[in-house]
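Okay, here's what each chain looks like letter by letter:
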Amino acid sequence: MKFRACLAVLVLATGCGAAQSSGDGTTTLTYALWDDVQQGAYQQCADAFSKANPGISIKISQNAWDQYWQNLTTQMVSGGAPDVITMQASYYPQFVKNGQLLDIEPMVKADKVDLGQYRPGLAELWVKDGERYGLPKDWDTIAVVYNTGLAKRAGVDLSDLTWNPADGGTFEKAIARLTVDANGKRGDEPGFDKTKVAVYGIMPELNDGSQGQNGWGDLAVSNGFDYIDKNPFGTKYFYDSPKLAETATWFRRLIEKGYAPPYDKTSSLGIDAVLTSGKAALGITGSWMIQTYLGSTEQKFAFAPLPKGPEGRKSAFNGLADVIYAGTEHQDAAWKWVKFLGSAACQDIVADNAVVFPAVSSSGERALKAHQAKGRDVDAFVQAAEDTFLLPVSDHGDEINQIVSTAMEEIWLGRKDATTALTAANQQVNALFTGN
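Residues numbered from 1 in each chain as written. Predicted model: local features only at pLDDT ≥ 70, side-chain atom pairs only at ≥ 80, totals over all residues. Heavy atoms only, no water.

> Describe the side chain of Gln88, and please don't skip the residues or the numbers.
Looking at where Gln88 falls in the secondary structure, it is placed in strand S4 (residues 84-88). For Gln88, a relative accessible area of 7% corresponds to the buried category. In terms of polar contacts, Gln88 uses its side chain to reach the side chain of Ser90, at 2.4 Å. Beyond its immediate sequence surroundings of up to four residues, Gln88 is in contact with Trp34, Trp65, Trp69, Trp126, Asn318 and Leu320. (Helix = DSSP H or I, 4+ residues; strand = E, 2+ residues; numbered from the N terminus. Buried < 20%, exposed > 50% of the residue type's maximum accessible area, 1.4 Å probe, protein only. Polar contact = N/O pair within 3.5 Å; in protein donor to acceptor, adjacent residues only side chain to side chain. Contact = heavy atoms within 4.5 Å.)

> So what's going on with the sheet that holds strand S10 (residues 197-202)? Residues and values would help.
Reading across the sheet, the five strands line up as S9-S10-S11-S8-S12 and stay open at both edges, with mixed pairing between neighbours. Bordering the open sheet on either side are strand S9 (180-181) and strand S12 (301-304), each of which pairs with just one other strand. Relative to strand S11 (residues 280-286), S10 is paired through two bridges, and the arrangement is parallel. Paired with Ile202 across the strands is Leu282, a residue of S11. Taken strand by strand, helix H7 (residues 169-178) contacts strand S8 (142-147), S9, S10 and S11, and its axis lies near 160° from that of S10. (Pairing = 2+ DSSP bridges. Axes fitted to C-alpha atoms, helices over the stretch in contact; angles between N-to-C directions.)

> Report on helix H9 (residues 242-257), specifying residues and quantitative values.
Helix length check: H9 (16 residues) gives 22 Å between terminal C-alpha atoms against 22 Å at 1.5 Å per residue, within 8%. Considered for burial, the residues of H9 that qualify are Leu244, Ala245, Thr247, Ala248, Trp250, Phe251, Arg252, Leu254 and Ile255. Contacts made by the buried residues of H9 are with H7, S10, helix H8 (216-222), helix H10 (263-266), helix H17 (397-412) and helix H18 (418-434). Between a side-chain oxygen at the N-terminus of H9 and the backbone nitrogen of Lys243 the separation is 3.1 Å; the capping residue is Ser241. Positive backbone phi, at 90°, marks Gly258, one or two positions downstream of H9. (Expected span 1.5 Å × (residues − 1).)

> Give a description of the pairing of S12 that names residues and reports values.
For a regular strand, side-chain orientation follows a simple rule: the groups alternate between the two sheet faces. Alternating residues of S12 divide into Phe301 and Phe303 and Ala302 and Ala304, and every residue in both groups is buried. Examined bridge by bridge, S8 and S12 share four bridges and lie antiparallel to one another. Within S12, the position partnered with Val145 by the bridge is Phe303.

> Could you give me a rundown of the state of the cysteines, with the residues and numbers involved?
Note: disulfide means a covalent bond formed between the sulfur atoms of two cysteine side chains. Throughout the structure, instances matching the rule amount to one disulfide. Between the sulfur atoms of Cys45 and its disulfide partner Cys346 the distance amounts to 2.3 Å. Residues Cys45 and Cys346 share a disulfide whose torsion about the S-S bond is about 95°; that sign makes it right-handed. Taken as a pair, Cys45 in helix H2 (residues 36-52) and Cys346 in helix H14 (residues 344-352) lie far apart in primary sequence, 301 residues in all. Owing to a relative accessible area of 0%, Cys346 belongs among the buried residues under this scheme. (Disulfide = S-S within 2.5 Å.)

> Describe in detail the pattern of salt bridges, supporting the description with residues and values.
Applying the stated criterion across every chain yields a total of 15 salt bridges. Of the charged contacts, one joins Glu410 and Lys416 as a salt bridge, the two residues approaching to 3.6 Å between their closest N and O atoms. Several salt bridges share partner residues, and in doing so they unite Glu105, Lys109 and Arg132 into one network. (Salt bridge = Lys/Arg side-chain N within 4 Å of Asp/Glu carboxyl O.)

> Tell me about the nonpolar core, residues and numbers included.
By size, the foremost hydrophobic cluster in this structure holds 120 residues, and its most contacted members are Phe171, Tyr239 and Trp337. The residues contacting Tyr239, other than those within four sequence positions of it, are Ser210, Trp216, Phe225, Tyr227, Leu244, Ile400, Val404, Leu422, Asn426 and Val429. Core analysis: the second largest hydrophobic core is formed by 23 residues, Trp69, Met87, Trp126 and Leu320 among them. (Core = buried A, V, L, I, M, F, W, Y, C linked by side-chain atoms within 4.5 Å.)

Here it is as structure tokens:
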């Protein structure tokens, strides 16, 4: 999962991420992705685009998540960033602030791009101060993923669970039942030994930044938590909310009861690695992981809706976009590629590959049919789209992520109680906007 175009050390020297022109007049654009599962679909889009635009070729550059952002930051500074970049909403404000992304609003208007073709709410995420920085490419929601064999042996039905931060509701009861110690005792049985757990009931993704998209954020919002005063681009966060503290405390109690693994032993592991090893029964995951889980040859998985909290079921709703590097030498060609990526022509190709749900509404419906044709039950993610919340987008995203991640780690490790850690973190976060 490394860039094929050049080694990171050479990026600084040559800026090889930028578009190149060959002797025959062909322009080669570099397009950055982080998801290797989607690379095949976008290669098909690239082939179709180049066929329709013979003077432009697309070279896909793919890196895994962490390395992707490390490389991109370095490339932006060096002046050698990819021409077109897959962008996550919480990251793009920092690049806009540094003048590193191109405002495409004039081109959107000139070419009369139909923004109404996208699922509601997605196009607006990429507008700041009247300038537009991307066209939507997909959307995602959150659901419970579980090991069907372990659930069947435990006699647990995960189809309609409830949750609250006081006793965990039927969600915690299911987690306790799914937890098994080395002697075969379950978490809800007398004699259960929490010091010798063979299968954890849940593998929560606690190392999840400032948004908790894959777990604590969804449950916190279902408990009445609001992240920010305005979205996108609000200026006051509410990480000191008692509703968030209650939720974080509940997750910490799962560790203390032995239902979830200690944070310091698993924080570097992905939940998919633990689940596919059979050492945990369920987790909370995003729709972009459908193919990973349902294609597993080690375990059999299925998806269930998130539990209903005091405020009902609440799923994070997020979407990616394609943006243009402000320093590209081939702005017109890059815009043609972004416009194609944001069209039904490309997003239908992505839909037929049944990996993610494209942003174009008709293509999203096509993706659902493609999943169904492959025998995949993905209704939990589709149903989740009926009651969602947008993850916060604001300035200072990278600093906020660091502050809140540190506070959450203090909670997961038992070093501070949730109220103390999150109150202090919220003061630091809001000081970024006030300068105090």
